[in-house]
Amino acid sequence: MGLRFASLGSGSRGNGTLVASGSHSLLVDCGFTIKETERRMARLGISPSDLCAILVTHEHSDHLSGVAPLARKYGLPIYLTPGTLRARSIGRLPQVHLIEGHQPFTIGDIQVTPVAVPHDAREAAQFVFRSCGCSLGLLTDLGTVTPHVEAHFGDCDALVLETNHDSRMLAQGPYPRRLKQRVGGAYGHLSNQQAAGFLQRVGYQQLQHLVLAHISEKNNQLALVQEALADAVAGAGNSLFACQEAGFGWLAVESRG
């Protein structure tokens, strides 16, 4: 059995992604209350008590706010960078594993490779997961796709990719100027056009699943995402959108062998 992954929800009001292989299950980020996390996990047929660990990408509330409460209730270890740990006080944690130097590590059947990304956080990381001969990339919350990012995410069998905003909608939208500059800047979030360019450069025909995620409810529309990424959406094996309320259900990644 290869990797499986699902989403509790994706967007500025809360994020959480499940990654599983065999009997091992991980939660990447938790931006929901304990009750809401339990509810969203239950609809995917899993309980927090089934988790092996929680991984944290960075310290922004929509990714971190529920991590410590969930870890304390269920006695879960947390993996995060030293910068993320120091960025804000999150209270007592049952067990902490620091991601040092973005070196790969293994949890159960899953190898995890943290990848440094440019984002307005202390020491943000995104992740590539490998198990049973297949790979999954989670790539959101970055303002620029660097050569380093392309090198790590260009050969994944499945990819969750940020398409946060349409550049024109952001420029003409309701956000104050400073926030527009932050979101659209080099340490903000990927636009539809940036995501499309990344996929054109690294290729998408090898993708079994392409999930477009962290879509802004104020600065983007699904039709604009589809238009900007039409070639990739048509060329990948399976394409879908991760929404804020429903996330998406379990998807299986098969071994290339």
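All of the points below concern the structure found in this document. (Residues numbered from 1 in each chain as written. Predicted model: local features only at pLDDT ≥ 70, side-chain atom pairs only at ≥ 80, totals over all residues. Heavy atoms only, no water.)

1. Remarks on the environment of T163
Rule in force here: For helices the rule is a DSSP run of H or I covering at least 4 residues; for strands it is a run of E covering at least 2, with both sets numbered from the N terminus onward. In what follows, residue pairs with any heavy atoms lying within 4.5 Å of each other are defined as contacts.
By the secondary structure assignment, T163 is in the loop between β11 (158-162) and α6 (167-172). Considered as a pair, T163 and A196 are 33 residues apart in the sequence and their alpha carbons are 8.7 Å apart. What T163 contacts, discounting residues up to four positions off in sequence, is L190, N192, A195, L212, A213, H214, I215, N220, V225 and L229.

2. What to know about the pairing of strand β10 (residues 134-139)
Note the threshold: Buried means the residue's accessible area, taken with a 1.4 Å probe over protein chains only, is under 20% of the maximum for its type, while exposed means over 50%, and partly exposed covers the values in between. In short, DSSP must find at least two bridges between two strands for them to pair.
Counting buried positions along β10 yields six of six residues, so the element is predominantly enclosed. Here β10 shows two buried faces, one formed by C134, L136 and L138 and the other by S135, G137 and L139. Pairing analysis gives five bridges linking strand β9 (residues 125-131) to β10, with the strands arranged antiparallel. Each residue of the ladder has a partner; that of V128, found in β10, is G137. Across four bridges, β10 lies against β11 in parallel orientation. Bridge pairing links G137 to L159 in β11.

3. Digging into helix α8 (residues 192-202)
We apply this condition: In this description, the arc belongs to the directions extending from the helix axis to the C-beta atoms.
Within α8, burial applies to N192, A195, A196, F198 and L199. Summarising the axial view, the buried residues of α8 lie within an arc of 160 degrees, below the 170-degree limit, and thus occupy one face. In this structure, the buried residues of α8 make contact with β10, α5 (147-153), β11, β12 (209-213), α9 (222-228) and α10 (230-235). Just beyond α8, the residue with positive phi is G203, at close to 90 degrees.

4. Overview of unusual backbone geometry
Despite not being glycine, H102 has its phi angle at roughly 55 degrees, a positive value. Within the fold, H102 resides in the loop between β6 (96-98) and β7 (105-107). For H214, which is not glycine, the phi dihedral falls at a positive 55 degrees.

5. Remarks on the sheet that holds strand β1 (residues 3-9)
Sheets are built from strands that pair by backbone hydrogen bonding, the pairs being arranged parallel or antiparallel. We apply this condition: Axes here refer to lines fitted to C-alpha atoms; in helices the fit is confined to the stretch in contact. Angles between the N-to-C directions go from 0 to 180 degrees.
An order of β6-β5-β4-β3-β2-β1-β14 is seen for the seven strands of this open sheet, with the pairing classed as mixed. Both edges of this open sheet fall to β6 and β14 (248-253), since each of them pairs with a single strand only. When strand polarity is set aside, the average angle formed by the axes of neighbouring strands in this sheet is 20 degrees. One ladder, built from two bridges, connects strand β4 (residues 53-55) with strand β5 (residues 78-80); its direction is parallel. The residue of β5 that forms the bridge with L55 is Y79. Strands in contact with helix α3 (residues 67-74) are β3 (24-28), β4 and β5; relative to β4, the strand with the most contacts, it is inclined by about 170 degrees.

By themselves, these observations are geometric and do not establish any function.
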